Every structure is written in C-alpha cells, then in structure tokens.
Amino acid sequence: MAERTLILVKPDGVRRRLIGEVIARIEAKGLDITRMQMRTLDRETAERHYAEHVDKPFFAGLVDFITSGPLVALIVEGDDAVAATRQIMGATNPLEATPGSLRGDFATAIGENLVHGSDSPDNGEREIGIFFPPA
Ligand code: DAT
Ligand code: MG
C-alpha cells in the first residue's frame, strides 16, 4: 500500500558526510523522495518529534544529540514505505542491525545511529506535520 514516512539523516550522518549514502539507498530500494530539508532543530521541535520517548531515561541525551547540528529531513513515499525504510535502516541498536543495513554498515552506538524513520504510517503523518507543516 502506498504510504508516506519521515526519514531523518541525523546530525552524526551529516557530520560524517553520509547524506548521499542514505539517499542512494532509499532510491535504490525504489522509493520516492518527495520533500527534502536541511535544518538544525530547536529543543522544542525535537521534543515534539520524540514525544513518545519523553519518559525514557535517554530522552534528554536524545534531544541533546538530535539538536547538535544540522540534519536532513526527507518525506519518502512508496509501497509499504514505513517497513521498507525500516529494513534499509536496520535495528535501532547498530550492533544488532544486519550488515547491509545503514545502521549495520555505518554505526556502532545506539545513541548515534545515523537515521530516523517513522515506525507507523500514523506516526509518519504526525512527524511529517512537524517538519513540513501545511502552508
Ligand atoms: P528507532 O529510531 O529505531 O525508531 P526508538 O524509536 O526506539 O528507535 O528510539 C528512538 C531513538 O532513541 C533511537 O534511534 C536511539 C535512541 N535510543 C533508543 N533506545 C535507546 C537506549 N536504550 N539508549 C540510548 N538511546 C536510545
Ligand atoms: Mg522510533
């Protein structure tokens, strides 16, 4: 089913010059990038984006990290875009992500795992609304 998801190349990915690598893999998979934006998040926007994690012990560190420099936000569209992009990204913990996935190939630390992808179509629409609000 055609759906939309929000993908972020997180600040570690931008610092490490991996924007192109992430985009290349999304395109190679056969998905469409329909919007793209580079920006540095303020804390309020980061806290909205990660609202589901507000009670987790790692929340403050997560907000510190995601606001630590520019990131690239993408709207990705295609059949089963949520599951397809989560497959490309690999497991949250890079040490559990399979080789061939972005996190498996390029990251070691759960706190600096290169990419974000929405975990459901509903969350995708919610997150897209934060980064690309309707005019
Ligand atoms: P994902 O990004 O795979 O959807 P998530 O939604 O569970 O994973 O968590 C969001 C981010 O929070 C994740 O990409 C990295 C960070 N994170 C998750 N679990 C963590 C932990 N145990 N310690 C530190 N950071 C963590
Ligand atoms: Mg998540």
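Phi angles above zero are rare outside glycine, and R17 is one such case at about 60 degrees. Mapped onto the elements of the fold, R17 is located in the loop between helix 1 (11–15) and helix 2 (19–29). Taking the relative accessible area as the measure of exposure, R17 reaches 76% and is therefore exposed. Although it is not a glycine, L114 sits at a positive phi angle of roughly 75 degrees. Tracing the sequence through the fold places L114 in the loop between helix 6 (102–106) and strand 4 (115–117).

Before going further, it helps to spend a moment on the side chain of E3. Along the chain, E3 falls in strand 1 (residues 2–9). R4 provides the closest opposite charge to the buried, unpaired E3, separated from it by 10 Å. Non-local contacts of E3, meaning those with residues more than four positions away in its chain, are made with V76, E77, G78, D80, A81, V82, A83 and P121.

Let us now look at the pattern of salt bridges. Two side chains that carry opposite charge are able to pair once their charged atoms sit near each other. Summed over the entire model, instances satisfying the criterion amount to 5 salt bridges. R4 serves as the salt-bridge partner of E125, at 2.6 Å between the closest nitrogen and oxygen. Placement of the pair is E125 in helix 7 (residues 121–131) and R4 in strand 1, with a sequence separation of 121 residues. Judged by its relative accessible area of 28%, R4 is partly exposed.

Take the site of ligand 1 next. Surrounding ligand 1, one finds K10, Y50, H53, F58, L62, R86, T92, R103, I110 and N113. Here H53 contributes a side-chain N or O atom positioned 2.9 Å from an oxygen atom of ligand 1. Interatomic distance of 2.9 Å between a side-chain N/O atom of N113 and an oxygen atom of ligand 1. Out of a free accessible area of 520 Å², ligand 1 has 74% covered by protein chains. A per-class count over the shell around ligand 1 returns 4 nonpolar, 3 polar and 3 charged.

The next subject is helix 5 (residues 81–89). Of all the positions in helix 5, only A81, V82, A84, T85, I88 and M89 are classed as buried. On an axial view of helix 5, the arc spanned by its buried residues comes to 170 degrees, and they lie on one face. For helix 5, the exposed residues lying more than 90 degrees away from the buried face are A83 and Q87. Contact partners of the buried residues in helix 5: strand 1, helix 2, strand 3 (71–79), helix 6, strand 4 and helix 7. Looking one or two residues beyond helix 5, the residue adopting positive phi is G90, at roughly 85 degrees.

Turning next to the packing of helix 2 against helix 5. The relative placement of two packed helices is expressed as an angle between their axes plus a distance between the axes. Direction vectors running N to C along helix 2 and helix 5 enclose 130 degrees, while the axes themselves pass 10 Å from each other. Looking at the two axes, helix 2 sits oblique to helix 5. Seen from above, helix 2 lies across helix 5 with right-handed handedness. Between helix 2 and helix 5, the residues in contact are R25, I26 and K29 and A84, Q87 and I88, respectively. Counted by class, the contact of helix 2 with helix 5 contains 3 nonpolar, 1 polar and 2 charged residues.

Quick notes on the rules
- Residues numbered from 1 in each chain as written.
- Chains lettered and ligands numbered in written order.
- Predicted model: local features only at pLDDT ≥ 70, side-chain atom pairs only at ≥ 80, totals over all residues.
- Heavy atoms only, no water.
- Helix = DSSP H or I, 4+ residues; strand = E, 2+ residues; numbered from the N terminus.
- Buried < 20%, exposed > 50% of the residue type's maximum accessible area, 1.4 Å probe, protein only.
- Lys, Arg positive; Asp, Glu negative; His and termini not counted.
- Salt bridge = Lys/Arg side-chain N within 4 Å of Asp/Glu carboxyl O.
- Contact = heavy atoms within 4.5 Å.
- Near = heavy atom within 4 Å.
- Polar contact = N/O pair within 3.5 Å; in protein donor to acceptor, adjacent residues only side chain to side chain.
- Areas by Shrake-Rupley, 256 points an atom, 1.4 Å probe, with all protein chains shown as cover.
- Nonpolar A, V, L, I, M, F, W, Y, C, P; charged D, E, K, R; others polar.
- Arc of directions from axis to C-beta.
- Axes fitted to C-alpha atoms, helices over the stretch in contact; angles between N-to-C directions.
- Parallel < 35°, antiparallel > 145°, perpendicular 65-115°, else oblique.
- Left-handed = near helix turned anticlockwise from the far one by under 90°.

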